[in-house]
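Breakdown of the fold
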Amino acid sequence: MIAGILATARIEANIARRNRWVLIAVLLMVVFSLVLSAAGSAPTGALGADRLSVVVASLTSLSVYLVPLVALLMSFDAIAGEVERGTLPLLLTYPVARWEVLAGKLLAHVLILIVALAAGYGAAALVAILTDPQAMAGLGALWRLTWTSVLLGATFLGIGYAVSALSRRASGAAGLAVGVWLGLVVLYDLGLLAAVVADEGGFFTTQLFPVALLANPADAFRLFNLSAAEAGAAASGVAGAAGMIPQWQSLTSVVVWPIAALILAAQVFRKVDA
Amino acid sequence: MTSTLTISHLTKRFGGVHALSDVSLSVAPGERVALLGHNGAGKSTMMKIMLGLIAPDSGDITVCGAAPGDAEARMKVAYLPENVAFHPALTGLEQVSFYMRLRNVDPRGAHDLLARVGLADAATRRIGTFSKGMRQRVGLAQALIGHPRLLVLDEPTSGLDPVSRRDFYELLDGLAADGAAILLSSHALTEVEARTDRLLILSGGRMVAEGSLHELRSKAALPVSLHISAMNGHVSELMGAFPNAIRTDAGLNLTCTQDDKLATLARISDLRGMVADLEVIPPSLEDIYSHFSRRDGQ
Ligand SMILES: Nc1ncnc2c1ncn2[C@@H]1O[C@H](COP(=O)(O)OP(=O)(O)OP(=O)(O)O)[C@@H](O)[C@H]1O
Ligand SMILES: [Mg+2]
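Residues numbered from 1 in each chain as written. Chains lettered and ligands numbered in written order. Predicted model: local features only at pLDDT ≥ 70, side-chain atom pairs only at ≥ 80, totals over all residues. Heavy atoms only, no water.

**Comments concerning the packing of aromatic side chains**
To describe a pair of aromatic rings, you give the distance between the ring centres and the angle between the ring planes. As a reminder of what qualifies: Stacked, tilted and edge-to-face are the three classes assigned to paired rings of Phe, Tyr and Trp, where Trp is represented by its six-membered ring and a pair needs centres within 6.5 Å; plane angles under 30 degrees give stacked, over 60 edge-to-face, the rest tilted. Relative accessible area decides the class of each residue, using a 1.4 Å probe on protein chains only: under 20% of the type maximum gives buried, over 50% gives exposed, and in between gives partly exposed. Charges are assigned to positions over rings by a cutoff of 6 Å between ring centre and Lys NZ or Arg CZ, combined with an angular limit of 35 degrees from the ring normal.
Per the stated rule, a full pass over the model turns up five aromatic pairs over all chains. Pairing F98 of chain B with Y99 of chain B gives two aromatic rings, centres 5.4 Å apart and planes at 45°, and the pair type is tilted. We note that F98 of chain B, like Y99 of chain B, is buried. An aromatic cluster of at least three residues, connected via ring pairs, comprises Y94 of chain A together with F86, F98 and Y99 of chain B. Sitting over the face of the ring of F269 of chain A, R98 of chain A holds its NZ or CZ atom 5.4 Å from the ring centroid. Sitting over the face of the ring of Y94 of chain A, R103 of chain B holds its NZ or CZ atom 4.3 Å from the ring centroid.

**Remarks on the environment of R51 of chain A**
Stated precisely, the cut-off is as follows: A run of H or I in DSSP becomes a helix once it reaches four residues, and a run of E becomes a strand once it reaches two; helices and strands are each numbered from the N terminus.
Its location among the elements puts R51 of chain A in helix α4 (residues 51–75). A sequence separation of 77 residues divides R51 of chain A from A128 of chain A, and the C-alpha atoms of the two residues are 5.8 Å apart.

**Concerning the side chain of S164 of chain A**
Residue and element names in this part refer to chain A. Our working rule: Polar contact is the term for a pair of N or O atoms within 3.5 Å; when the atoms are in protein, one must be able to donate a hydrogen and the other to accept it, and sequence-neighboring residues count only if both atoms are side-chain atoms. In what follows, residue pairs with any heavy atoms lying within 4.5 Å of each other are defined as contacts.
Residue position: S164 is located in helix α8 (residues 139–167). Side-chain polar atoms of S164 contact the backbone oxygen of F76, separated by 2.5 Å. Looking at S164, its side chain comes within polar contact range of the main-chain nitrogen of I79, at 3.0 Å. Residues in contact with S164, not counting those within four places in the same chain, are S75, F76, D77, A78, I79, A80 and A173.

**Some details on the domain arrangement of chain B**
Note the threshold: Throughout the structure description, domain borders are defined by an automatic or database domain assignment.
Taken as a whole, chain B is organised into domain 1 (5–218) and domain 2 (223–282). Each of domain 1 of chain B and domain 2 of chain B has a C-alpha centre, and the two are 45 Å apart.

**Topic: the confidence of the model for chain A**
Put simply, the rule is: As a per-residue quantity, pLDDT reports the predictor's confidence and falls between 0 and 100.
Mean pLDDT over chain A: 88, with 91% of residues reaching 70 or higher. Note that residues 231–236 of chain A has pLDDT below 50 and, in this model, six contacts with residues that lie over four places away or in other chains.

**Comments concerning the site of ligand 1**
Residue and element names in this part refer to chain B. Keep this limit in mind: To be near a molecule or strand, a residue needs just one of its heavy atoms within 4 Å of it. All accessibility values rest on the Shrake-Rupley procedure with a 1.4 Å probe; residue burial counts only the protein chains present in the view. Each residue gets one of three labels, nonpolar for Ala, Val, Leu, Ile, Met, Phe, Trp, Tyr, Cys and Pro, charged for Asp, Glu, Lys and Arg, and polar for the others, Gly among them.
Residues in close proximity to ligand 1 total 14 residues, the closest being G40, G42, K43, S44 and T45. Contacts to ligand 1 include A41, whose backbone N or O atom sits 3.2 Å from an oxygen atom. Considered on its own, ligand 1 offers 640 Å² of accessible surface; in the complex 62% of this is hidden by protein. Mapped by element, the contributors of at least two residues to the shell around ligand 1 are β2 (17–27) and α1 (43–50). Tallying contributions element by element places α1 first for the shell around ligand 1, with three residues. Across the shell around ligand 1, the residue classes tally to four nonpolar, seven polar and three charged.

**Some words on the sheet that holds strand β9 (residues 206–211) of chain B**
Residues and elements named next belong to chain B. Just so we agree on the cut-off: The criterion for strand pairing is that DSSP finds at least two bridges linking the strands in question. Simply put, an axis is a line fit to the C-alpha atoms, just over the touching stretch for a helix, and the angle between two N-to-C directions goes from 0 to 180 degrees.
Read across the sheet, six strands follow the order β5-β6-β7-β3-β8-β9 without closing on themselves; strand pairing throughout is mixed. Strands at the two margins of the open sheet, each flanked by one partner only, are β5 (77–80) and β9. Adjacent strand axes in the sheet meet at a mean angle of 15° when their direction is disregarded. Note that β5 and strand β6 (residues 150–154) share four bridges and pair parallel. Across the sheet, A78 pairs through a bridge with L151, a residue of β6. The strands touched by helix α11 (residues 285–293) are β3 (32–37), β8 (198–203) and β9; relative to β8, the strand with the most contacts, the crossing angle is about 45°.

**So, the sheet that holds β2 of chain B**
Note: strands within a sheet are paired through backbone hydrogen bonds, in either parallel or antiparallel orientation. Residue and element names in this part refer to chain B. Sheet architecture is open: three strands sit in the order β2-β1-β4, paired in antiparallel fashion. Pairing within the sheet leaves two strands with one partner each, and these edge strands are β2 and β4 (58–63). Strand after strand, the sheet turns through a mean of 20° between neighbouring axes, direction not considered. Note that strand β1 (residues 5–14) and β4 share five bridges and pair antiparallel. By the bridge assignment for β4, L5 is matched with V63. Strands in contact with α1 are β1, β2 and β4; relative to β1, the strand with the most contacts, it is inclined by about 120°.

**Observations concerning the packing of helix α5 (residues 77–85) of chain A against helix α9 (residues 170–199) of chain A**
Residues and elements named next belong to chain A. Here is the rule: Here roughly perpendicular refers to angles of 65 to 115 degrees, roughly parallel to angles under 35, roughly antiparallel to angles over 145, and oblique to all remaining angles. Throughout, a crossing is termed right-handed when the near helix is turned clockwise from the far one, and left-handed when it is turned anticlockwise from it by less than a right angle.
At their nearest, the axes of α5 and α9 sit 8 Å apart, and the two run at 165° to each other. The angle between α5 and α9 places the two elements in the roughly antiparallel class. Considering how the two elements wind past one another, α5 and α9 form a crossing that is right-handed. Touching D77, A80 and E84 of α5 are A170, S171 and A173, all from α9. Here the residues of the contact of α5 with α9 sort into three nonpolar, one polar and two charged.

**What about the interface of chain A and chain B?**
Stated formally: Reported buried area values correspond to the accessible surface (1.4 Å probe) lost by two parts on association, with both partners' losses combined. The term salt bridge refers to a pairing of a side-chain nitrogen on Lys or Arg with a carboxyl oxygen on Asp or Glu at a separation within 4 Å.
Listed by partner, the interface residues are 22 residues for chain A and 25 residues for chain B. Together, the buried faces of chain A and chain B total about 2,300 Å²; carbon and sulfur atoms form 67% of this surface. For the chain A face of the interface with chain B, the top three residues by lost area are R18, L90 and Y94 of chain A, together amounting to 30%. Our count for the contact surface shared by chain A and chain B stands at one salt bridge. The interface formed by chain A and chain B contains six residue pairs in polar contact (both at pLDDT 80 or more). Those elements giving two or more residues to the side of chain A that touches chain B turn out to be α1 (2–18) and α6 (88–92) of chain A. Classifying every residue of the side of chain A that touches chain B gives 12 nonpolar, seven polar and three charged.

**Notes on the pattern of salt bridges**
It is possible for side chains of opposite charge to pair when their charged atoms get near one another. All names here are of chain B. Tallying each qualifying case throughout the model produces 18 salt bridges over all chains. Between D161 and R137 there is a salt bridge, and its shortest N-O distance comes to 3.5 Å. Of this pair, D161 sits in the loop between β6 and α6 (162–177) while R137 sits in helix α5 (residues 132–143), and the two are 24 residues apart along the sequence. Residue classification places R137 among the buried residues on the basis of a relative accessible area of 17%. Ionic contacts of the salt-bridge type, sharing partners, join the residues R32, D173, R195 and D197 into one network.

**Here we look at the coordination of the magnesium ion (ligand 2)**
Residues and elements named next belong to chain B. Stated formally: The donor definition counts N, O and S atoms within 2.8 Å of each metal and applies 3.2 Å to Na, K and Ca; water is not among these atoms, so some sites may look incomplete.
Around the magnesium ion (ligand 2), the donor atoms from the protein are S44 (OG) and E82 (OE), and they sit 1.9 to 2.5 Å away. Linking S44 in helix α1 with E82 in the loop between β5 and α3 (92–102), this pair joins segments that are 38 residues apart in sequence. Note on E82: relative accessible area 29%, which makes it partly exposed.

Written out as structure tokens, the structure is:
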């Protein structure tokens, strides 16, 4: 069982390396993290927070978009690609269960994501620590950002696998993945904000809005990191809600989402004919 | 000895297409069985059902004592799909090592395995750069991993050059001698008759014939052709002796049933003063195959 998962993870890592996905993921994270930490460096003293905590707040806003994108890019081909190339039937005659195949791919992709996150966040943190002696105070926030980013990535890997198994064509899966990203990460928030504005502090704003935020994995990730840090209250419009939602609720969402997404992916994959 | 593979009354339809109708067969350990049949006869479908990739509509199948697709069956069965494909970015060595790990076999043997199918030099090249025959050999290599008790090979020699085909059948002989049961499909009649123990012919989803070539030959009861070359100027006299024969340039062609063959030969040898040469042509493989494989209305 473990052997099957490890063998799959190993071969997936080889493929990802050869297809330059590792390089692309690392470059994306490093470049954006550095650009952001440079851009966000001006108002440090004004907020009274250490430099690293400020950088973490900016990185949180970045990761909400970038981590799901990188995860979906790595995962959309996972099953559709096997179906399209015709490699799936042979694989399924081997003594390895479908969920083990999925777990192996997940392991490889999560490891790549961790490498990319470590490189990106590490570079930004290094710059902060080198320029501000107080920055060590923000290490706790950085650690929290890192592990929640991994969970956010796992969530979107799971969603990507489900999309991949559903569409059974790599091109269709790619389109669907872009749609999912736009919908969950961009349009969802815009819709919520529009509704809040229109509602003018009524039932939606007080009752439904917090639930809607918790229901979305990207929003829950942002809420958890911002409510934990408190430093970044000015970072985003949605962040205003961070104060009114208890932290255990956003934490629950951050932890439950990856599990749910991966169970969904396994269920959809089970229905794919060889 | 109990069979490695037993299929009874297997039926499978795809919508209106009767891919397989009431097919029964069994393959014993150490037996090499060839599955023949026209395009669309149902060969690949039957193989996929044995492997648990497709569910049958009805029928009982036992593979190595288990149901198709069971974990136990998958441990013991190797498969070569008809259009085998691999990830183009991987090297032959990486791909085969992966399959070895899935079967709990030490991947350090991957290089030797590739050498067995003649890919020693190409082992570290990407499969995307391989020729069709080289890809087919990677497919063969993966089917040899571990000690499969049953090999299900869908057109294993397609794309292989003549020498590789011979090497391939030698590999099979070794596996069969080891007790592995082998079921392979093919359109290459000559190699199959020489290198397998038994033939199965599917036609339109039905099993229309089964047995060794010898058995099929006598079951088909196709006529034997005899070609007689006449001594100079004796053609007409010979035609008189065999009025049903067809006259050719320098002799005559006649046909007779298997049972009449010896009697006919005796008559010809009585006329030996007029006969320069004699050729006996048994029904060809193609003749026997098409006799059984003929579909309704064809
Ligand atoms: N997934 C499918 N959906 C619908 N029909 C199918 C499917 N798979 C096979 N068939 C039909 O079942 C019949 C048998 O197909 P199969 O692939 O088993 O033939 P085959 O004997 O392997 O032919 P070939 O020699 O060309 O490989 C064909 O009529 C084919 O069209
Ligand atoms: Mg076929």
